[in-house]
There are 4 protein chains.
Amino acid sequence: MNILIIGDIVGKPGRAILKAMLSKIQRENDISFTIANAENAAGGRGLTQEIKDDLIGMGIDVLTMGNHVWDNKNIFNFIDDEPRLIRPINYPGDCPGQGMHIYKAGFNKNIAVINASGRVYMPALDCPFQTINEVVNDIKDQVDFIIVDFHAEATSEKMALAHYLDGRVTVLVGTHTHIQTADERILPQGTAYITDLGMTGPVDSILGMAKGPIIDKFLNARPARFEVATGPAQMQGVVLQLDEENNKATHIERFSYYLGD
Amino acid sequence: MNILIIGDIVGKPGRAILKAMLSKIQRENDISFTIANAENAAGGRGLTQEIKDDLIGMGIDVLTMGNHVWDNKNIFNFIDDEPRLIRPINYPGDCPGQGMHIYKAGFNKNIAVINASGRVYMPALDCPFQTINEVVNDIKDQVDFIIVDFHAEATSEKMALAHYLDGRVTVLVGTHTHIQTADERILPQGTAYITDLGMTGPVDSILGMAKGPIIDKFLNARPARFEVATGPAQMQGVVLQLDEENNKATHIERFSYYLGD
Amino acid sequence: MNILIIGDIVGKPGRAILKAMLSKIQRENDISFTIANAENAAGGRGLTQEIKDDLIGMGIDVLTMGNHVWDNKNIFNFIDDEPRLIRPINYPGDCPGQGMHIYKAGFNKNIAVINASGRVYMPALDCPFQTINEVVNDIKDQVDFIIVDFHAEATSEKMALAHYLDGRVTVLVGTHTHIQTADERILPQGTAYITDLGMTGPVDSILGMAKGPIIDKFLNARPARFEVATGPAQMQGVVLQLDEENNKATHIERFSYYLGD
Amino acid sequence: MNILIIGDIVGKPGRAILKAMLSKIQRENDISFTIANAENAAGGRGLTQEIKDDLIGMGIDVLTMGNHVWDNKNIFNFIDDEPRLIRPINYPGDCPGQGMHIYKAGFNKNIAVINASGRVYMPALDCPFQTINEVVNDIKDQVDFIIVDFHAEATSEKMALAHYLDGRVTVLVGTHTHIQTADERILPQGTAYITDLGMTGPVDSILGMAKGPIIDKFLNARPARFEVATGPAQMQGVVLQLDEENNKATHIERFSYYLGD
Ligand SMILES: [Fe+2]
Ligand SMILES: [Fe+2]
Ligand SMILES: [Fe+2]
Ligand SMILES: [Fe+2]
Ligand SMILES: [Fe+2]
Ligand SMILES: [Fe+2]
Ligand SMILES: [Fe+2]
Ligand SMILES: [Fe+2]
């Protein structure tokens, strides 16, 4: 069974390249299950019901989130009623939405998808290591595959979590930096890993946003209004082969597609 | 003219793969000039005179540094007398060593190499944008090529600096995260760019260090003794083609070599 | 000559206690010159022209700012035309407004007021130590007194700057933490110092803001809408005696006034 | 019943002023129970068995710690066997030592002492709000008084925790900034509070350490060797009156004693 995982979708250009290319890519790669990070899908900040429905309508099975999950208040209208949407599991206490959900795919396989947020250079949530460890122990006997989207800044935290979970989860992909890394591989105990999936949005940009205001902010340290950039778009992520005999990842491959204006 | 830039060399395994493979790679790629980041060359932290001499003896022309520059006090013995070593230029005030130096290479070309450190999630140095802007304006009429090693954590700061300098420097490569990124390209105004060169050191590691203590620190938040990992090594970086007619970068290509135990 | 320096004014309750008590306090303490930090004067975030005029109309001679200086965009309308308003001097480059201004007070004395922002746990501005050192060297022969409002988080940075400038500035007061410290004193070389002036605003609050949403944010890590609290107000700061014979601070005294509902 | 709580003891000068003055202060204030923060007692960093025994021998009943708890490895030799020593309770997982202990004092009263560390601008531990809430709920029926030493940087986090626990703990004192605050009071629901107790150590210093190297570090951003300062010492903290009839704090009073060379 092949699955597709797509890096942070940024605004309209990110949605446009998906609309143009996703179903063809799914067909060509014989994809049974598609996950995408949608924390920047609505104008670069958060997610709305309309955009969520649009993305799911394109053939995405699960949307994951990140530190921008609450940026658009509209999410509170639907996060509790949408099983195809998961937010970082390590938000403390009684938090709207869910951080893990189990889906069916392939020959009736149970796939758990977990979303978590790092803590290095990021807000103080519950420990992602402890939290994921507990949920993995809880669900491991009921599921065939476990896929983790670890939304984090520091490469050390991403690699540490991957090695900590190596052999206990099927796939761990990083998101958040919006720059695709070239280190996709199967770790020693069998977990498929990449430090960052990259970004699905405008190419000529800084992490999807228009360059000028971001450069200005570095130069003058005053607040600036950041807007999603325009122009040609990229779609980045990985295709994974999962072996349905032994429930292992057998291959991970990066992709980066381009769509001209 | 082809130049080679090598990502952060970590400890003995990093030096060993260079010893084994560097001269062959230089020959095969017809390399005229080699730069390597050496901030982790001595046991993962800093640089000593002996290791500096060893690396230069292998055929590296310039060593750049980063936030670990002062970790090994031995560097104060030689940093002021070694033109082949540069440290982040944006250390404030009267700082030992130099942040930029001009070298000769190819058909008598002047190559300026600048090392700078980011400030996002890193110590508060002088502004890298301002500092590099000034030095580039100072030297631009005396040099043919300008190469920047920007040692920084945040992908936004790296991309912002690259776009800010686009067309004004020949090459800008990122270091520090120890994970190679897959985004090497020529930016719109002609600067060759990659967000991170990656790492030259032990493969089965977390950023070059043994995995156990780093995972433990994430789990228990207590101090741990980090040591360079052992086992097979990787050597990562980029090869650049510089056109000596018009003094532009014409190609940037990532590499990742592997050396078994 | 006695001068009064008032800690961060927060919203309407902060302005109300000033309106009720400032002129009486000035009279009773024979105050010749009054400075107040106004970075939170407009609804807890920034400053507007109307509120600036209101504060100056109450008898405040100079308003200083801090990290919230740009929170209310209205400030861009008047910051370049208002000599009685200063913002942190260490904003880089070409920045609206001014970071230092020289005023007349007492028997025709020249008083320089400098506002600066710390960098520990705060945005990466230019170095406050370097920047203030330069301006102090520039103005020292033209002025009788130099007063610094150092808007910073870390006690170490505040004390380090104070000892660095000790004997070269007349007064250094800290702002930003909104909690008055009990360490007012004359430092060994003669500079009057306090780590934090405290806050002028609602008493039953967390730093001037309503308690509930701030506690909630610590508990659930989700964004919350912070609003200025209501109820009884406090007015905090220091009264300083400056000797006009030898241009030295001779006394520093904390105050904390209370105004019931 | 009166209790004494002493701010961070720094090195030999901190221990010297305690040796000289503690028993007299205890006698004069009729103190039944004494707590002191000892995270900097051994040369400014951590605690050793010898120094722990020395401090307890002086008449301190409980030593609390903070972010420096593990700085001196010697603590691992005794932390599990010393009921009079508590470390931040919100260290995750299986951690040596204890974060809460119940003592006897006064007319056979049970006093729980809890130590916790903040997370704003500090390492990512478990949530102090959640952790303390749970332990308070666990012990509230077995104890008469609950005293919290909250070791934290940000004034917002300290005040938020205090208001969150107001009425459910007897006393909450802040430590860590080493600067005594002037805001001691009884909060609306009855908890006695101060944002920071201050520091017990050398007066002419930056937070207890020699000034020169700290100022240098701010100026040049290079590592420096910090050492405990010398000269006259101060002893800071609070005296609390606890009413043994209704188990409430009735008074909190700051002190700052001085001992010449
Ligand atoms: Fe994102
Ligand atoms: Fe993100
Ligand atoms: Fe490095
Ligand atoms: Fe580094
Ligand atoms: Fe403020
Ligand atoms: Fe502030
Ligand atoms: Fe301390
Ligand atoms: Fe501390």
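These numbers come from a predicted model, not from an experiment. (Residues numbered from 1 in each chain as written. Chains lettered and ligands numbered in written order. Predicted model: local features only at pLDDT ≥ 70, side-chain atom pairs only at ≥ 80, totals over all residues. Heavy atoms only, no water.)

Q: Help me understand the relation of the copies chain C and chain D, please; the structure alone is not making it clear to me.
A: Turning one copy of the chain about an axis and sliding it along that axis gives the other copy, so a rotation and a shift relate them. Of the transformation superimposing chain C on chain D, the axial component is 0.0 Å and the angular component is 180°, with the fit at an RMSD of 0.0 Å. What the rotation and shift describe, once combined, is the action of a two-fold rotation axis. Minimal C-alpha distance to the rotation axis in chain C is attained by Thr181 of chain C, lying at 1.9 Å. Interface overlap between copies is the fraction of interface residues in one copy that are interface residues in the other; for chain C against chain D it reaches 100%, indicating a shared surface. (Least-squares fit on C-alpha atoms with pLDDT ≥ 70 in both. Contact = heavy atoms within 4.5 Å.)

Q: Sorry, what's going on with the coordination of the iron ion (ligand 8) here?
A: Four donors placed tetrahedrally about a metal ideally form angles of 109.5 degrees, and six donors placed octahedrally ideally form angles of 90 or 180 degrees. Residue and element names in this part refer to chain D. Bound to the iron ion (ligand 8) on the protein side are Glu39 (OE), Asn67 (OD1), His151 (NE2) and His176 (ND1), at distances that span 2.1 to 2.2 Å. Coordination geometry of the iron ion (ligand 8): the 4 donor atoms subtend angles of 85 to 150° at the metal centre, consistent with an arrangement described as irregular. Here the iron ion (ligand 7) and the iron ion (ligand 8) are spaced 3.5 Å from one another, each receiving a donor from Glu39. Remark: His176 occurs in the loop between strand E9 (171-175) and strand E10 (185-186) and His151 occurs in strand E8 (residues 145-151); sequence separation between them is 25 residues. The pair His151 / His176 is uniform in exposure class, with both members buried. (Donors = N, O, S within 2.8 Å, 3.2 Å for Na, K, Ca; no water. Tetrahedral: all angles 85-135°; square planar, octahedral: opposite > 155°, others 65-115°. Helix = DSSP H or I, 4+ residues; strand = E, 2+ residues; numbered from the N terminus. Buried < 20%, exposed > 50% of the residue type's maximum accessible area, 1.4 Å probe, protein only.)

Q: Even after reading the chapter, I still don't get the interface of chain B and chain A, so can you show me in this structure?
A: A common measure of how large an interface is: the accessible area buried when the components associate. Taken together, the contact between chain B and chain A spans 33 residues of the former and 34 residues of the latter. In total, chain B and chain A occlude about 2900 Å² of area from one another, counting both sides; carbon and sulfur atoms represent 70% of this. Its largest share of buried area at the contact with chain A, chain B owes to Tyr121, Ile179 and Phe218 of chain B, together 22% of the area lost on that side. At the surface where chain B touches chain A, the tally comes to 0 salt bridges. Between the two partners, chain B and chain A, sit 4 residue pairs in polar contact (both at pLDDT 80 or more). The element that contributes the greatest number of residues to the side of chain B that touches chain A is helix H4 (residues 155-165) of chain B, accounting for 7 residues. Partitioned by chemical class, the residues of the side of chain B that touches chain A number 18 nonpolar, 8 polar and 7 charged. (Buried area = accessible area lost by both parts, 1.4 Å probe. Salt bridge = Lys/Arg side-chain N within 4 Å of Asp/Glu carboxyl O. Polar contact = N/O pair within 3.5 Å; in protein donor to acceptor, adjacent residues only side chain to side chain. Nonpolar A, V, L, I, M, F, W, Y, C, P; charged D, E, K, R; others polar.)

Q: Sorry, what's going on with the sheet that holds strand E7 (residues 109-117) of chain D here?
A: All names here are of chain D. Overall, mixed pairing links the 6 strands, which are arranged E6-E7-E8-E9-E11-E10 in an open sheet. Each of the sheet's edge strands pairs with one partner strand only, and the pair in question is strand E6 (100-105) and E10. Where E8 lies against E9, 5 bridges are found, and the strand directions are parallel. Looking at E9, one finds that His151 is bridged to Thr175. Running over the sheet, helix H3 (residues 128-139) touches E6, E7 and E8 and is turned about 165° from E7. Each of E8, E9, E10 and strand E11 (192-194) touches helix H4 (residues 155-165); the most contacted strand, E9, lies at about 170° to it. (Pairing = 2+ DSSP bridges. Axes fitted to C-alpha atoms, helices over the stretch in contact; angles between N-to-C directions.)

Q: Could you clarify how one ought to interpret the pairing of strand E1 (residues 2-6) of chain B in this entry?
A: Remark: a regular strand shows side chains that alternate across the two faces of the sheet. Residue and element names in this part refer to chain B. The element E1 is extensively covered by neighbouring structure, given that 5 of its 5 residues are classed as buried. Along E1, one buried face is formed by Asn2, Leu4 and Ile6 and the opposite face, lined by Ile3 and Ile5, is buried too. In this sheet, strand E3 (residues 31-37) lies alongside E1 in parallel orientation, the contact comprising 5 bridges. Looking at the pairing, Ile3 lines up with Phe33 of E3.

Q: How should the coordination of the iron ion (ligand 5) be read in this particular structure?
A: Residue and element names in this part refer to chain C. Ligation of the iron ion (ligand 5) by protein atoms is provided by Asp8 (OD), Glu39 (OE), Asn40 (OD1) and His178 (NE2), these donors lying 2.0 to 2.2 Å from the ion. The coordination sphere of the iron ion (ligand 5) comprises 4 donor atoms, whose angles at the metal cover 89 to 163°; the geometry is irregular. Within one chain, the residues serving as donors to the iron ion (ligand 5) are arranged as D-x30-E-N-x137-H. Separating the iron ion (ligand 5) from the iron ion (ligand 6) is a gap of 3.4 Å, which Glu39 spans by donating to each of them. With Glu39 in the loop between strand E3 (31-37) and helix H2 (49-57) and His178 in the loop between strand E9 (171-175) and strand E10 (185-186), this residue pair connects regions lying 139 residues apart in the sequence. For the pair shown, Glu39 and His178 are each scored as buried.

Q: What is the right way to read the interface of chain C and chain D from this model?
A: Opposite the 33 residues of chain C that make contact, chain D presents 34 residues. Where chain C abuts chain D, roughly 2900 Å² becomes buried across the two surfaces, and 70% of that area is made up of carbon and sulfur atoms. Run the count over chain C and chain D and you get 0 salt bridges. Mapped by element, the contributors of at least two residues to the side of chain C that touches chain D are helix H4 (155-165) and helix H5 (211-220) of chain C. Sorting elements by how many residues they give to the side of chain C that touches chain D places H4 of chain C first, with 7 residues. Partitioned by chemical class, the residues of the side of chain C that touches chain D number 18 nonpolar, 8 polar and 7 charged.

Q: Before we go on, may I ask you to explain the relation of the copies chain B and chain A in this structure?
A: Laying chain B over chain A is done by rotating through 180° and shifting 0.0 Å along the axis; what remains is an RMSD of 0.0 Å. The residues that chain B uses at the interface reappear at the interface of chain A in 100% of cases, marking a shared surface.

Q: Looking at this model, I keep getting lost on the pattern of salt bridges. Mind explaining?
A: Under the defined criterion, the tally for this structure stands at 36 salt bridges over all chains. Between Asp54 of chain B and Lys19 of chain B there is a salt bridge, and its shortest N-O distance comes to 3.1 Å. Separated by 35 residues along the polypeptide, Asp54 of chain B in helix H2 (residues 49-57) and Lys19 of chain B in helix H1 (residues 11-28) bring together distant segments of the chain. Note on Asp54 of chain B: relative accessible area 24%, which makes it partly exposed. One salt bridge connects Asp204 of chain D with Lys211 of chain D, and the closest N-O pair in it is separated by 2.9 Å. You can call Asp204 of chain D partly exposed: its relative accessible area is 33%. Sharing partners across several salt bridges, the network here consists of Lys52, Asp53, Glu82 and Arg84 of chain A.

Q: Got a minute to help me understand the side chain of Thr170 of chain B in this structure?
A: Residues and elements named next belong to chain B. Among the structural elements, Thr170 can be located in the loop between H4 and strand E9 (171-175). Residue class for Thr170 comes out buried when judged on its relative accessible area of 6%. If we skip the residues at most four places from it in the chain, Thr170 touches Asp144, Phe145, Ile146, Gly190, Thr191, Ala192, Leu242, Asn247, Lys248 and Ala249.

Q: What exactly am I supposed to notice about the UniProt feature "binding site: Fe cation 2" (unreviewed entry) in chain A here?
A: Residue and element names in this part refer to chain A. Under the UniProt annotation, the feature "binding site: Fe cation 2" (unreviewed entry) is placed at Glu39, Asn67, His151 and His176. Across 138 residues of sequence, these annotated residues stay compact in space, with a maximum C-alpha separation of 10.0 Å. Excluding residues within four positions of it along the chain, Glu39 makes contact with Asp8, Gly44, Arg45, Gly46, Thr64, Met65, Gly66, Asn67, His68, His151, His176 and His178. Assessed through its relative accessible area of 0%, His151 is described here as buried. A distance of 2.7 Å separates polar atoms of two side chains, one belonging to His151 and the other to Thr175. (UniProt positions renumbered as here; feature names shortened; annotations may be inferred.)

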